[in-house]
Amino acid sequence: MRTLAIDLGSKRVGLALSDAGGTLASPYEVLAVNNAAQATAPILRIVEREGVERIVLGLPLNMDDSFSAQTRGVVAWGARLAAAVDMPVIYVDERLSSFAAEQQLISLKRAGQKMTRKDKKRSLDAVAAAEFLQAFLDGRLLGLDISNP
């Protein structure tokens, strides 16, 4: 099952995509936006073009598992996206995905891959989305119940 992961931010939206078998996640793209609403149309095109069957949306929870204003905004945006694509959106905990992505990029640079600070910043959100998508595909990260924010 082809799955799209979304790391929604106010300036950048990181996207990752699984293979058709739903076993391997790869960074896909980072959208530069002025607000989250601007990400909807490009995401709808990607869903159509890539044959996406499921969407996983990273939820920025507080470290004590509580919801912040940002968390509630992501849930509201996800509900609008789910209605637009006519498929459920699965929310997952993305708290530590950016840290893990940063560590992965540092390791690549240490291994000799050429990467400027600008390259790193440009790809970080897509790598973070790939991090939580792979954890979800592997069963290490479950969908969250957001019925009681």
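Everything below is about the structure printed above this text.
The text that follows walks through the structure, step by step, so that each part is easy to find. (Residues numbered from 1 in each chain as written. Predicted model: local features only at pLDDT ≥ 70, side-chain atom pairs only at ≥ 80, totals over all residues. Heavy atoms only, no water.)

1. Quick notes on the pairing of strand S2 (residues 12-18)
A large share of S2 lies buried, amounting to six of its seven residues. Strand direction decides the pairing type here: strand S1 (residues 3-8) and S2, joined by five bridges, are antiparallel. Paired with Asp7 across the two strands is Gly14, which belongs to S2. Count of turn residues in the S1/S2 antiparallel hairpin: three residues. (Buried < 20%, exposed > 50% of the residue type's maximum accessible area, 1.4 Å probe, protein only. Helix = DSSP H or I, 4+ residues; strand = E, 2+ residues; numbered from the N terminus. Pairing = 2+ DSSP bridges.)

2. Comments concerning the nonpolar core
In this structure, Leu4, Ile6, Val13, Ile43 and Ile55 are the most contacted members of the largest nonpolar core, which totals 27 residues. Listed by contribution, the elements that provide at least two residues to this core are S1, S2, helix H1 (40-50), strand S4 (54-59), helix H2 (69-85) and strand S5 (89-93). Per-element tally for this core: the top contributor is H2, with five residues. If sequence neighbours within four positions are ignored, Ile43 has contacts with Leu4, Ile6, Val13, Leu15, Leu31, Trp77 and Leu81. Counting 13 residues, the second-largest nonpolar core is a separate cluster that includes Ala5, Ala130, Phe136 and Leu141. (Core = buried A, V, L, I, M, F, W, Y, C linked by side-chain atoms within 4.5 Å. Contact = heavy atoms within 4.5 Å.)

3. Here's the deal with H1
Since there are 3.6 residues in each turn of an α-helix, residues three or four apart along the chain are aligned in direction. Within H1, burial applies to Pro42, Ile43, Ile46 and Val47. The arc that holds every buried residue of H1, seen down its axis, measures 145 degrees, which confines them to one face. Turned more than 90 degrees away from the buried face of H1, the exposed residues are Glu48 and Arg49. Close packing links the buried residues of H1 with S1, S2, strand S3 (25-32), S4 and H2. (Arc of directions from axis to C-beta.)

4. What about the pairing of S4?
Taken across its six residues, S4 has five buried, putting it largely inside the fold. Sheet analysis places S1 next to S4, joined by four bridges and oriented parallel. Bridged to Ile6 within S4 is Leu57. Pairing between S4 and S5: five bridges, direction parallel. Across the sheet, Ile55 pairs through a bridge with Val89, a residue of S5. Handedness of the crossover joining S4 and S5 through H2: right-handed. (Right-handed = clockwise from strand over helix to strand, strands pointing away.)

5. Here we look at H2
For H2, which comprises 17 residues, the first-to-last C-alpha distance of 24 Å matches the rise-based estimate of 24 Å (1.5 Å per residue) to within 8%. All of the buried residues in H2 are Thr71, Val74, Val75, Trp77, Gly78, Leu81 and Val85. Contacts from the buried residues of H2 go to S1, H1, S4 and S5. Residue Ser68 occupies the N-cap position of H2, its side-chain oxygen lying 3.3 Å from the main-chain nitrogen of Gln70. Asp86 occupies a position one or two residues after H2 and carries a positive phi of about 55 degrees. (Expected span 1.5 Å × (residues − 1). Polar contact = N/O pair within 3.5 Å; in protein donor to acceptor, adjacent residues only side chain to side chain.)

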